[in-house]
Amino acid sequence: MIKITNLNKSFGSRTLFDNLNLSVNAKERVGLVGRNGHGKTTLFKMVLGKMEYDSGSISIPKNYKLGYLEQHINFTQNTVLDEACLALSEEEKDSSWKAEKILSGLGFSASDIFKNPMDFSGGYKIRINLAKILLSDADMLMLDEPNNYLDIVAIRWLSGFLRSWKGELMLITHDRNFMDSVITHCAAIYRTKARKIVGVTQKLYEQIEKEEEIYEKTRLNVEKRIKQTELFIRRFRAKARLAGMVQSRIKTLEKQDNLEKLAEIETLGFSFSELEFHAAKMLSIHNLSFGYSPDKLLISKLSFDVLKNERICVIGKNGKGKSTLLKLIAERLMPCDGSIKKHPDLKTAYFVQSDSANLNPHKTVFEEILASDKCLPQKARNIAGSMMFSGDDALKKIEILSGGEKSRVLLGKILANPCHLLLLDEPTNHLDMESCEGLIDAINKFQGSVIMVTHNEEMLHSIATKLIIFDRDKVSVFDGAYQDFLEKTGWEDESSKIKAKTSQKISGKMKEEIKKLRAELIQEKSRVIRPLEEQIKHIESSITKKEEEFNLNMQQLVEASEKGNISFLAEGSKLNKTLQPKIESLYAELAYAVEKFEKENERFRKQLEKLEDNSPKI
């Protein structure tokens, strides 16, 4: 449990945190969201004592253990299993099966766990560190973008593991689907403050949007009232009989605080430029085979067509050939067998993170984008702005950019060159949640076709119309959406776990009983939740009406005071005194109804989850 109070941190003239307050209470799993550069990782470092803050306090109970995913590699054991077992507590030193279970979930095979940990790639070394954190007796897990080192199967496994985590959790991830599947609370670092609610990311963003809308309306009303008051003072300052009212307005004006206009927050807003394509088929892949060694093929006899306006997602575990397939289509590798036949007019654009190494470190963002084929200076400036490099930021040297910023430069270079077919290899790495949404919108609006490698399930659910799947030691084509794949086929690792559960010979009668219980539970949930939803809508509607009535009355009061309508001033003031407590009472009702709704919703979610765990699946 952690309590952060009035935390302040500045870097030069830039304020990162201004009296930021945030707490993580017992059993809470908190998702931390916010734009890149707004301080999520910085806050983690401060909680861990790895970075100092200017003022405020971070309170952590004595002997409270934090488990943080380290990027530093320091292995001392000869096997992956032995290295992972170092994290087990003294009482569990003989429970190596726990380490095996977690390593398996994170994608290590039965033979992998007996290999030397230093033999693995950087991503798998980080997975070993993650396994050690999950095996430790930490009170709170602090995970900063764990998805960057995991493939889609491992991400789905980790999601289930974290849902059953008994301690506290703070999670940073750009994958909204993953975050929402895990958390109980969501907190945003927004405009140097922190906001936390019960529920998922969408609810928090909607609440912030609503509050900012109310703030802006209030600011405009205050601005309008100030102007009206100043006009009244100027007009009637010389009138002796209105001297008292004028002095009263002057005092009111002196006490009135101006509300500052909210600074605009930069977002990734752009669109890919497509070229018109007249043929029905862009390219055809027939019996494609490839391997880095003759005796071990990554891709064997793969065949599929890419048609106009298709959204093809390439999915599967790491190291199985997904990125290799894109390199073959981009002609950076040549197939061992088979063919890739492209339409003669086809123009492709290829995004891969490793290309950031080819950016000229001495050039500016603007110069790199301008260097693209036939890109004019004004267009390069516009593209830099859409990639969140506005003004002087466009003149930053490539050598000082972060990984995420270089990613945006690569995207910008693609925008500068219109194409028919986009090849995107893990485009969401290093992007924040809002930028991922901007990318989804841009892909959906693109009139050409897209082939994309991704582990981000939100992207898959939003985009995919066809899948190339690397699973079950083969590559196959699935003609349909990602949800259809999960329901009809599913992942091999998950299918095998389901089979293991059902192998306990659960009788047909028990299956029917669980099905019946589930239907009854859903029916009961609807009976309880629906009236609460209706009640909340009714209260919100009443608040809107009362506030509109209050604001209209305020406007009429101002007009009455300008016209000297004394009788209405008394009547209007009386009406305000009745409306204000009614509005406050409605807000109290709303808070109570929302709390009850969330409590009931969580109760049914847990009951359904428990029933699902005990339910046999075929």
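Residues numbered from 1 in each chain as written. Predicted model: local features only at pLDDT ≥ 70, side-chain atom pairs only at ≥ 80, totals over all residues. Heavy atoms only, no water.

A.B. asks: How should the packing of helix α3 (residues 96-105) against helix α5 (residues 152-163) be read in this particular structure?
C.D. replies: Packed helix pairs are specified by the crossing angle of their axes together with the interaxial distance, meaning the distance between the axes. As a packed pair, α3 and α5 sit with axes 8 Å apart at the nearest point and diverge in direction by 130 degrees. In terms of orientation, α3 and α5 fall into the oblique class. Where α3 abuts α5, its residues Lys-101, Ile-102 and Gly-105 lie against Ala-154, Trp-157 and Phe-161. Residue composition of the contact of α3 with α5, by class: four nonpolar, one polar and one charged. (Axes fitted to C-alpha atoms, helices over the stretch in contact; angles between N-to-C directions. Helix = DSSP H or I, 4+ residues; strand = E, 2+ residues; numbered from the N terminus. Parallel < 35°, antiparallel > 145°, perpendicular 65-115°, else oblique. Contact = heavy atoms within 4.5 Å. Nonpolar A, V, L, I, M, F, W, Y, C, P; charged D, E, K, R; others polar.)

A.B. asks: Which parts of the structure should I look at to understand the pattern of salt bridges?
C.D. replies: As a working rule, side chains carrying opposite charge can pair if their charged atoms are close by. In total, this model carries 25 salt bridges according to the counting rule given. Between Asp-54 and Lys-9 there is a salt bridge; the shortest N-O distance is 4.0 Å. With Asp-54 in the loop between α1 (40-47) and β4 (55-59) and Lys-9 in strand β1 (residues 2-11), this residue pair connects regions lying 45 residues apart in the sequence. A salt bridge links Lys-193 to Asp-18; its shortest N-O distance comes to 3.7 Å. (Salt bridge = Lys/Arg side-chain N within 4 Å of Asp/Glu carboxyl O.)

A.B. asks: Just checking my understanding: could you explain helix α7 (residues 201-236) for this structure?
C.D. replies: Structural remark: α-helix, 3.6 residues per turn; residues separated by three or four positions point the same way. Counted at 1.5 Å a residue, the expected span for α7 with its 36 residues is 52 Å, and the 52 Å between its end C-alpha atoms agrees. Turning to α7, its buried residues are Thr-201, Leu-204, Tyr-205, Ile-208, Arg-219, Val-222, Ile-226, Gln-228, Thr-229, Phe-232, Ile-233 and Phe-236. (Expected span 1.5 Å × (residues − 1). Buried < 20%, exposed > 50% of the residue type's maximum accessible area, 1.4 Å probe, protein only.)

A.B. asks: Help me understand the nonpolar core, please; the structure alone is not making it clear to me.
C.D. replies: With 49 residues, the main nonpolar core has Phe-272, Leu-422, Ile-443 and Leu-467 as its most contacted residues. Not counting chain neighbours up to four residues away, the residues in contact with Leu-467 comprise Cys-313, Ile-315, Leu-460, Ser-476, Val-477, Phe-478, Gly-480, Ala-481, Tyr-482 and Phe-485. By size, the runner-up hydrophobic cluster in this structure holds 48 residues, among which are Ala-87, Phe-178, Ile-183 and Ile-208. (Core = buried A, V, L, I, M, F, W, Y, C linked by side-chain atoms within 4.5 Å.)

A.B. asks: How should the packing of helix α4 (residues 122-135) against α5 be read in this particular structure?
C.D. replies: Contact geometry of α4 with α5 gives a least axis separation of 13 Å together with a crossing angle of 15 degrees. It follows from the interaxial angle that α4 and α5 lie roughly parallel. Where α4 crosses over α5, the two elements pack in a sense that is left-handed. Facing α4, whose interface residues are Arg-127, Leu-130 and Leu-134, α5 presents Ala-154, Trp-157, Leu-158 and Phe-161. Looking at the contact of α4 with α5 residue by residue, the class counts come to six nonpolar, no polar and one charged. (Left-handed = near helix turned anticlockwise from the far one by under 90°.)

A.B. asks: When you look at the packing of aromatic side chains in this model, what are you seeing that I'm missing?
C.D. replies: Here the distance between the centres and the angle between the planes together describe a pair of aromatic rings. Applying the stated criterion to the full structure yields 11 aromatic pairs. Seen in terms of ring centroids, Phe-108 and Tyr-124 are 5.4 Å apart; in terms of plane orientation they differ by 85 degrees. Their pairing is edge-to-face. Of this pair, Phe-108 sits in the loop between α3 and α4 while Tyr-124 sits in helix α4; the two residues are 16 residues apart in sequence, bridging distant segments of the chain. In this structure, Phe-108 and Tyr-124 share a single accessibility class: buried. Grouped by ring-pair contacts, the aromatic residues Phe-478, Tyr-482, Phe-485 and Trp-491 constitute a single cluster. Over the ring of Phe-11 we find Lys-9, and its NZ or CZ is 5.0 Å from the ring centre. (Phe/Tyr/Trp six-rings, centres within 6.5 Å; stacked < 30°, edge-to-face > 60°. Lys NZ or Arg CZ within 6 Å of the ring centre and 35° of its normal.)

A.B. asks: Just to check I follow, could you spell out the sheet that holds strand β3 (residues 29-33) for this structure?
C.D. replies: Hydrogen bonding along the main chain pairs the strands of a sheet, whether they run parallel or antiparallel. If you walk across this open sheet you meet the six strands as β5-β6-β7-β3-β8-β9, and the pairing is mixed. Each of the sheet's edge strands pairs with one partner strand only, and the pair in question is β5 (66-68) and β9 (193-198). Geometrically, the sheet is characterised by an average inter-axis angle of 20 degrees between neighbouring strands, direction not taken into account. Taken together, the five bridges between strand β6 (residues 140-144) and strand β7 (residues 168-172) define a ladder with parallel strand orientation. For Met-140, the partnering residue across the bridge sits in β7 and is Glu-168. (Pairing = 2+ DSSP bridges.)

A.B. asks: Help me understand the sheet that holds strand β17 (residues 466-471) in this model?
C.D. replies: Reading across from one edge, β14-β15-β16-β12-β17-β18 is the order of the six strands in this open sheet, with mixed pairing throughout. In this open sheet, the two edge strands, each paired with only one partner strand, are β14 (348-352) and β18 (474-478). On average, each strand axis in the sheet is tilted by 15 degrees relative to the strand beside it, whichever way the strands run. Bridge count for β14 against strand β15 (residues 421-425) is five bridges, and the pairing is parallel. Among the inter-strand pairings, Phe-351 is bridged to a residue of β15, identified as Leu-424.

A.B. asks: Please explain unusual backbone geometry as it appears in this structure.
C.D. replies: Most of the time, phi is negative for any residue but glycine, and the peptide bond is trans. Non-glycine residue Glu-145 carries a positive phi angle of around 50 degrees. Structurally, Glu-145 can be placed in the loop between β6 and α5. Not every positive phi belongs to a glycine, and Arg-472 is a case in point at roughly 55 degrees. Relative to the helices and strands, Arg-472 is located in the loop between β17 and β18. Residue class for Arg-472 comes out partly exposed when judged on its relative accessible area of 32%.

A.B. asks: Just to check I follow, could you spell out the environment of Val-30 for this structure?
C.D. replies: Inspection of the secondary structure puts Val-30 in strand β3. Residue Val-30 is classed as buried on the basis of its relative accessible area, which comes to 1%. Placed 183 residues apart in sequence, Val-30 and Glu-213 show a C-alpha to C-alpha distance of 26 Å. Setting aside its immediate chain neighbours within four residues, Val-30 contacts Val-24, Leu-169, Met-170, Leu-171, Ile-183, His-185, Ala-187 and Lys-196.

A.B. asks: What is the right way to look at the environment of Lys-322 in this model?
C.D. replies: As for its placement among the helices and strands, Lys-322 is situated in helix α9 (residues 322-329). When the C-alpha atoms of Lys-322 and Thr-454 are compared, they prove to be 9.2 Å apart, with 132 residues separating the residues in sequence. Those residues within four positions of Lys-322 in sequence are excluded, and the remaining contacts are Val-314, Ile-315, Gly-316, Lys-317, Val-453, His-455 and Phe-470. For Lys-322, the side chain forms a polar contact with the main-chain oxygen of Lys-317, separated by 2.7 Å. (Polar contact = N/O pair within 3.5 Å; in protein donor to acceptor, adjacent residues only side chain to side chain.)

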